[in-house]
Amino acid sequence: MYRFLLTPRWWGINVFVLLAIPFCIFMGSWQLGRFEDRVQDHRAADKQATAAKTEAARPLAELLPVDTNTSGKQATATGRYGKQLLVPDRELDGKRGFYVLTLLRVDGGQALPVVRGWLPGDADSAKAPAAPTGEVTVTGALQASESPGANGVGGGLPEGQTGAISSASLVNLVPYKPYDAWITLKKADSGMKAVPATAAQNTGLDLKAFQNLGYTGEWFVFAGFVVFMWFRLLRREVEFARDAALGLAPAESEESIDSKERADRQTEPRTEGENAPA
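Rules and cut-offs
Residues numbered from 1 in each chain as written. Predicted model: local features only at pLDDT ≥ 70, side-chain atom pairs only at ≥ 80, totals over all residues. Heavy atoms only, no water. Helix = DSSP H or I, 4+ residues; strand = E, 2+ residues; numbered from the N terminus. Buried < 20%, exposed > 50% of the residue type's maximum accessible area, 1.4 Å probe, protein only. Contact = heavy atoms within 4.5 Å. Core = buried A, V, L, I, M, F, W, Y, C linked by side-chain atoms within 4.5 Å. Expected span 1.5 Å × (residues − 1). Phe/Tyr/Trp six-rings, centres within 6.5 Å; stacked < 30°, edge-to-face > 60°. Patch = residues over 30% accessible without salt bridge, like charges linked within 9 Å, V, L, I, M, F, W, Y side chains within 5 Å. Areas by Shrake-Rupley, 256 points an atom, 1.4 Å probe, with all protein chains shown as cover. Salt bridge = Lys/Arg side-chain N within 4 Å of Asp/Glu carboxyl O. Pairing = 2+ DSSP bridges. Polar contact = N/O pair within 3.5 Å; in protein donor to acceptor, adjacent residues only side chain to side chain. pLDDT = per-residue confidence, 0-100.

1. Describing the overall build of the protein
Then step 1. Along the backbone of the protein there are 6 helices and 6 strands.
Then step 2. Secondary structure elements in the protein, listed N-terminal to C-terminal, are α-β-α-β-β-β-β-α-β-α-α-α.
Then step 3. The buried share of the protein, taken over its 278 residues, is 33%.
Then step 4. The contacts of the protein with a sequence gap of at least 6 include a subset with a gap of at least 24, amounting to 67%.

Set out below in structure tokens:
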């Protein structure tokens, strides 16, 4: 009854199933591993952020370029404040407001973006306090440049505002070269609220992490579907073979029988009398 398993058709089906199941399991396990790595990175980032609050501040030059190991570390820099910008549509403690961002010109002519604090409401330069004059030394958590548009704020902002704190965005707004990093002051200036540091990019339980978890489930479902379809095809083939052995094969319809008879008559050789002209 199971001799059909040795036919070329079933050889192809069996080979496909034997290859598809391990592949789906491997891909599902790989996606699960990616999710677990992101969970581990998230925990490590939280521990690093907590430890960074109590660590001594280090010179900015020692912490650049910003990576997952230096993001959130306390950095210190000395210079003079220059151009000031506002960063709208930023939330803090569940309230909508804006950042006050001031460029600190340090030795060498480069400028370090410094978030001096947060204020509630719409971005308004009249609300933002002026930056201290003269040489100042600032201390704050080091942050990597943001991706333009990542927070949903695009272009077309009024003069004196920027949607993202990034060197790519600031280079067109200030007359000096900005660092590919920024800091948020540990203690905000002039009645503003301090902006807490965020975790380094790709270290949190973000959409990508849960996409990996979703892909894990999909691959295991695919593996189960392959097994289900193989058993379904096998069962149907066994039923057909049993019905044929018992003479219970589905009868042909009258229409198909008539069409076969007409085809047979057309292919039968004519006799000599039939070929003779009338």
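2. Things to note about the nonpolar core
Then step 1. Counting 17 residues, the largest nonpolar core has Leu104, Leu112, Val114, Val138, Leu142 and Ile183 as the members making the most contacts within it.
Then step 2. The set of elements that each furnish at least two residues to this core consists of α2 (60-63), β2 (74-92), β3 (95-106), β4 (111-120), β5 (135-144) and β6 (181-185).
Then step 3. For Ile183, the residues in contact, after removing those within four places along its chain, are Ala75, Leu112, Pro113, Val114, Val115, Val138, Gly140, Ala141 and Leu142.

3. Thoughts on helix α4 (residues 207-245)
Spacing of three or four residues puts side chains on the same side of an α-helix, whose turn is 3.6 residues.
Then step 1. Its 39 residues place the ends of α4 57 Å apart at the C-alpha level, agreeing with the 57 Å of an ideal helix rising 1.5 Å per residue.
Then step 2. Among the residues making up α4, those that are buried are Ala209, Asn212, Thr216, Ala223, Val226, Leu234 and Val238.
Then step 3. Gly247 lies just past α4 and shows a positive phi near 75°.

4. Focus: the packing of aromatic side chains
Then step 1. Under the defined criterion, the tally for this structure stands at 5 aromatic pairs.
Then step 2. The interplanar angle of 50° and the centroid separation of 6.2 Å between the aromatic rings of Phe35 and Phe210 together place this pair among those described as tilted. Of this pair, Phe35 sits in helix α1 (residues 8-52) while Phe210 sits in helix α4; the two residues are 175 residues apart in sequence, bridging distant segments of the chain.
Then step 3. Under the relative-accessibility criterion, Phe35 is labelled buried at 15%.
Then step 4. Classification of Phe210 by relative accessible area gives partly exposed; the value is 45%.

5. Comments concerning the side chain of Gln143
Then step 1. In this structure, Gln143 sits in strand β5.
Then step 2. Residue Gln143 is classed as buried on the basis of its relative accessible area of 2%.
Then step 3. Residue contacts for Gln143: discarding those within four places in its chain leaves Val66, Ser71, Gly72, Ala181, Trp182, Thr184, Ala197 and Thr198.

6. Overview of a nonpolar patch on the surface
Then step 1. A surface patch of nonpolar side chains, amounting to about 460 Å² of accessible area, comprises Leu6, Trp11, Val15 and Leu19.
Then step 2. Of the residues examined, Leu19 reaches a relative accessible area of 59% and is grouped as exposed.

7. Overview of the pairing of β3
Then step 1. Most of β3 sits inside the fold, with 9 of its 12 residues counted as buried.
Then step 2. Direction of pairing for β2 relative to β3: antiparallel, over a ladder of 10 bridges. Bridge pairing in β3 links Leu85 to Leu101.
Then step 3. Hairpin geometry of β2 and β3 is characterised by an intervening segment of 2 residues between the two adjacent antiparallel strands and by a positive phi of about 55° at Asp93.
Then step 4. Here 9 bridges tie β3 to β4, and the two strands are oriented antiparallel to one another. Its bridge partner being in β4, Leu104 is matched across the sheet by Leu112.

8. As for the environment of Glu146
Then step 1. Following the sequence through the fold, Glu146 ends up in the loop between β5 and α3 (167-170).
Then step 2. It is 5.2 Å that separates the C-alpha atoms of Glu146 and Ser166, two residues lying 20 residues apart in sequence.
Then step 3. Engagement of the side chain of Glu146 in a polar contact is seen with the side chain of Arg90, the distance being 2.8 Å.

9. What to know about the environment of Pro196
Then step 1. Within the secondary structure, Pro196 sits in the loop between β6 and α4.
Then step 2. Separated by 79 residues in sequence, Pro196 and Gly117 have C-alpha atoms that sit 9.5 Å apart.
Then step 3. Setting aside residues up to four positions removed in sequence, Pro196 forms contacts with Leu92 and Thr184.

10. A look at the side chain of Thr162
Then step 1. Tracing the backbone shows Thr162 in the loop between β5 and α3.
Then step 2. Looking at Thr162, its side chain comes within polar contact range of the main-chain oxygen of Ala164, at 2.9 Å.

11. Considering the environment of Ala131
Then step 1. Within the fold, Ala131 resides in the loop between β4 and β5.
Then step 2. It is 7.3 Å that separates the C-alpha atoms of Ala131 and Thr102, two residues lying 29 residues apart in sequence.
Then step 3. Each residue touching Ala131, except ones within four places of it in the same chain, is listed here: Tyr81, Gln84, Thr102 and Arg116.

12. What to know about the confidence of the model for the protein
Then step 1. Residues with a pLDDT of 70 or more make up 81% of the protein, whose mean pLDDT is 83.
Then step 2. Long-range and interchain partners of residues 251-257, a stretch whose pLDDT sits below 50, account for 2 contacts in this model, where long-range means more than four residues apart.

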